[in-house]
Amino acid sequence: MERIIEEIREDLSRRLAAAADRLTDRMLAEDPACAAPSGRAELREHVHRHLRQAVDGLVRASRGLPVELADSRAAGALRAERGLPLAPLLRAYRRGGRALWLALTEAVAAHDRAALPRLLPGAAALWDVLDQMTDAVAESYRLVETARGAHDRERRTALLDALLDGAAGAAGPLAAEAAARFGLPERGRFAVVAVAAGGPDAAAGGARPGAPLPEGLGGPDAPRVWWRVRADGESGLVELGHHPLDCVRDLLAPLGVRAGVSPVVEAPAELARAHRLALLALRTAPRSGGPGTAVLDERLPAALVAAEDELAGRLRQVVLGPVLALPAEDRRVLLETLGTWLACRGSTTHAAQRLYCHRNTVSNRLRRLEQLTGRVLTDPRHVVELALAHAAVLQRDAGPRADHRAGDRAGPVPAARSPREPHGPRGAP
């Protein structure tokens, strides 16, 4: 093969130059972006050089030497850096291979038609050289594309962190960059979702523990969501558009996760505050009875308790201290009865139905609760205190170290006040 190429080198060089012109024109017609930013002349020079390198590869292969692939790798890397697709470049290489074989056969035929059979063994070698060149292009392209993708993801993560955590500049340049990156309007309707870390009670409905939640929740007409995965859970930036806030609950319901949802904010610069409120809402989300979504504005009393751990501890102790000091089973029964009665809007009858006991049993338990706490269930102020204290107990018991938190039970327990109305709660059916 080397000998044949030496015999036709001058004619082959002219034919390759003409082939480079044709290939360049076809590439530009199909993919004009491939000429940017250097223009047609430089593109044509690249095509011509790769054709010559394929010929040199044939010669080197016939000598048992490796094919030079540096320029092919550079071409793939450049293509990826410019953000252009790989397929047109690989197609150009295949066309270049056919053009090179045609130039070889025409040059040999012009030199000595009888020598054409000597060229045939070189066909397999030529396609092997072209395979090596295209493999080098594709490998280099994918390496650069992977690196660019990782950089883009890191930058996107940094922008989300800046918006959700309120980093310096989040209200200025970073907010503008984030708006451009995510396509967020300067003024709109946004919310933040805080999702509990993966676990049996957090991902029971199909969101795998540790797996990021899908961004295309609800289909193409649903609000757009961008997720930030962290060790302690996930945070989602939601662009609501014209959708109501309650649609977030509908989007999360099939995933079976525990989540908190912030109120609506109107600008990216307000997302850090929304994130803090979403985390607060998450602390009020129920841990029993399956996954659930807590919208902050629907759980403001519980959020007030969750926002102040120290005051929540005092509230538990001052209001429900005597109940918390009871043996475990007595404590459980009274707290469960109180919670059920509150959930039933003060209806003793409905509470009895839920607790599977007689109405008088509920009344007796509530009367004992009044005697222990000194609160009267017919006094709205006392009911508010009991409801908040009960929420504080639930939040404490749902915490990761509930069984070891003895601080709420330590110290003197306030003496119970005598109920103002000794006959139990009134105004309930």
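Below you will find a few notes about this structure. Within each chain, residue numbers correspond to sequence positions counted from 1 in written order. Selection of residues for local features in this predicted model requires a pLDDT of at least 70, selection of side-chain atom pairs for listing and counting requires 80 or more, and totals for whole chains, interfaces and linings are taken over all residues. Think of the side-chain values as coming from all heavy atoms in the structure, minus any hydrogens and water.

This part takes up the overall build of the chain. To qualify as a helix, a DSSP run of H or I must reach at least 4 residues; to qualify as a strand, a run of E must reach at least 2; elements of each kind are numbered from the N terminus. Within the chain, the regular secondary structure consists of 15 helices and five strands. Classification of the 429 residues of the chain by burial places 46% in the buried group. In the chain, the share of contacts with a sequence separation of at least 24, taken over all contacts with a separation of at least 6, comes to 69%. Entry remark: accessible area of the chain is about 22000 Å², with carbon and sulfur atoms responsible for 54%. Only protein chains enter the calculation, and the probe is 1.4 Å; a residue is then buried if its accessible area is under 20% of its type maximum, exposed if over 50%, and partly exposed in between. Throughout, a contact is declared for two residues whenever any of their heavy atoms are within 4.5 Å. Surface accessibility in these figures is a Shrake-Rupley result with a 1.4 Å probe; residues are shielded only by whichever protein chains are displayed.

Our next topic: the environment of Ser62. Within the fold, Ser62 resides in helix H2 (residues 40-62). Owing to a relative accessible area of 41%, Ser62 belongs among the partly exposed residues under this scheme. Each C-alpha atom of the pair Ser62 and Gly122 lies 9.0 Å from the other, and the pair is 60 residues apart in sequence. At a separation of 2.5 Å, a polar atom in the side chain of Ser62 contacts the main-chain carbonyl oxygen of Val59. Polar contacts here mean pairs of N or O atoms no more than 3.5 Å apart (in protein, one a potential hydrogen donor and the other a potential acceptor; neighbouring residues in sequence count only if both atoms are side-chain atoms).

What follows covers the packing of H2 against helix H4 (residues 87-112). For every element, the axis is a line fit to its C-alpha atoms; helices are fit only across the contacting stretch, and the angle between N-to-C directions ranges from 0 to 180 degrees. At their nearest, the axes of H2 and H4 sit 10 Å apart, and the two run at 65° to each other. For the element pair H2 and H4, the recorded crossing hand is right-handed. Between H2, through His50, Leu51, Ala54, Val55 and Leu58, and H4, the contact on the second element is made entirely by Tyr93, Gly96, Leu100 and Leu104. Three residue categories are used. Nonpolar comprises Ala, Val, Leu, Ile, Met, Phe, Trp, Tyr, Cys and Pro, charged comprises Asp, Glu, Lys and Arg, and polar comprises the others, including Gly. In the contact of H2 with H4, the residues fall into seven nonpolar, two polar and no charged. Each helix crossing is assigned a hand: it is left-handed if the near helix lies turned anticlockwise from the far helix by less than a right angle, otherwise right-handed if that turn is clockwise.

Here the focus is the packing of aromatic side chains. Pairing of aromatic rings covers Phe, Tyr and the six-membered ring of Trp, with a centre-to-centre limit of 6.5 Å; geometry is then stacked below 30 degrees between planes, edge-to-face above 60, and tilted otherwise. Per the counting criterion, the structure on display carries one aromatic pair. Here the aromatic rings of Phe182 and Trp226 are separated by 5.5 Å at their centres, their planes lie at 45°, and the arrangement is tilted. Note that Phe182 is positioned in helix H7 (residues 173-182) and Trp226 in strand S2 (residues 224-230), a separation of 44 residues in sequence. Both residues of the pair, Phe182 and Trp226, count as buried.

Ordered by their spatial adjacency, five strands build an open sheet running S2-S3-S1-S4-S5, and the pairing between neighbours is mixed. Taken across any chain shown, the strands that pair with only one partner, and hence form the sheet edges, are S2 and strand S5 (293-295). Sheet twist, expressed as the average angle between the axes of neighbouring strands with direction ignored, equals 20°. In this scheme, strands are said to pair when DSSP sees at least two bridges between them. Alignment of strand S4 (residues 259-261) against S5, held across three bridges, turns out to be parallel. Paired with Val261 across the bridge in S5 is Val295. Sheet strands in contact with helix H6 (residues 122-165) are strand S1 (190-196), S2 and strand S3 (233-239), and its direction is about 95° off that of S2. Against the sheet, helix H9 (residues 271-284) contacts S1, S2, S3, S4 and S5, and its axis sits at roughly 40° relative to S1.

The next point concerns the pairing of S3. Among the seven residues of S3, seven are classified as buried, and the element is accordingly described as predominantly covered. Alternating residues of S3 divide into Gly233, Ser235, Leu237 and Glu239 and Glu234, Gly236 and Val238, and every residue in both groups is buried. When S1 meets S3, the two strands line up antiparallel, connected through seven bridges. Across the sheet, Ala196 pairs through a bridge with Gly233, a residue of S3. Sheet topology places S2 next to S3; seven bridges connect them, and they run antiparallel. Each residue of the ladder has a partner; that of Trp226, found in S3, is Leu237. Counting the residues that bridge the hairpin from S2 to S3 gives two residues.

Before going further, it helps to spend a moment on the pattern of salt bridges. Each reported salt bridge corresponds to a side-chain nitrogen of Lys or Arg within 4 Å of a carboxyl oxygen of Asp or Glu. Counted under the stated rule, the structure contains 26 salt bridges. Bridged by salt links that share partners, the residues Glu10, Asp11, Arg14, Arg15 and Glu106 form one connected network.

The subject of this paragraph is unusual backbone geometry. In this structure, Arg345 takes a positive phi of about 60° despite not being glycine. Residues other than glycine seldom take positive phi values, yet Tyr356 does so here, at roughly 60°. Along the chain, Tyr356 falls in the loop between helix H13 (348-355) and helix H14 (359-373).

So, about the packing of H2 against helix H3 (residues 70-81). Direction vectors running N to C along H2 and H3 enclose 145°, while the axes themselves pass 10 Å from each other. You can see that H2 and H3 cross each other, and the crossing is left-handed. Two secondary-structure elements touch here, H2 through Arg49, His50 and Gln53 and H3 through Asp71, Ser72 and Ala75. A class-by-class count of the residues in the contact of H2 with H3 yields one nonpolar, three polar and two charged.

Right, let's get into the nonpolar core. We call a set of buried residues a nonpolar core when its members are Ala, Val, Leu, Ile, Met, Phe, Trp, Tyr or Cys and they connect through side-chain atoms within 4.5 Å of each other. Core analysis: the biggest nonpolar cluster contains 46 residues, and Leu12, Leu16, Leu51, Leu100, Leu104 and Leu126 have the highest contact counts within it. When residues in this core are grouped by element, the largest group, 11 residues, is from H4.

Right, let's talk about the side chain of Arg258 for a bit. As for its placement among the helices and strands, Arg258 is situated in the loop between helix H8 (247-252) and S4. Arg258 gets classed as buried once you look at its relative accessible area, which sits at 4%. From its side chain, Arg258 meets the backbone oxygen of Leu282 in a polar contact 3.1 Å long.

Below, the discussion takes up H13. Those residues of H13 not exposed but buried are Thr348, Ala351, Ala352 and Leu355. Burial along H13 is one-sided: seen end-on, the buried residues are contained in an arc of 100°. Along H13, exposed side chains directed more than 90 degrees from the buried face belong to Gln353 and Arg354. Looking at the buried residues of H13, the elements they touch are helix H12 (328-343) and H14. After H13 finishes, the residue Tyr356 shows a positive phi value of roughly 60°. An arc is given here, and it is the one of the directions from the helix axis to the C-beta atoms.

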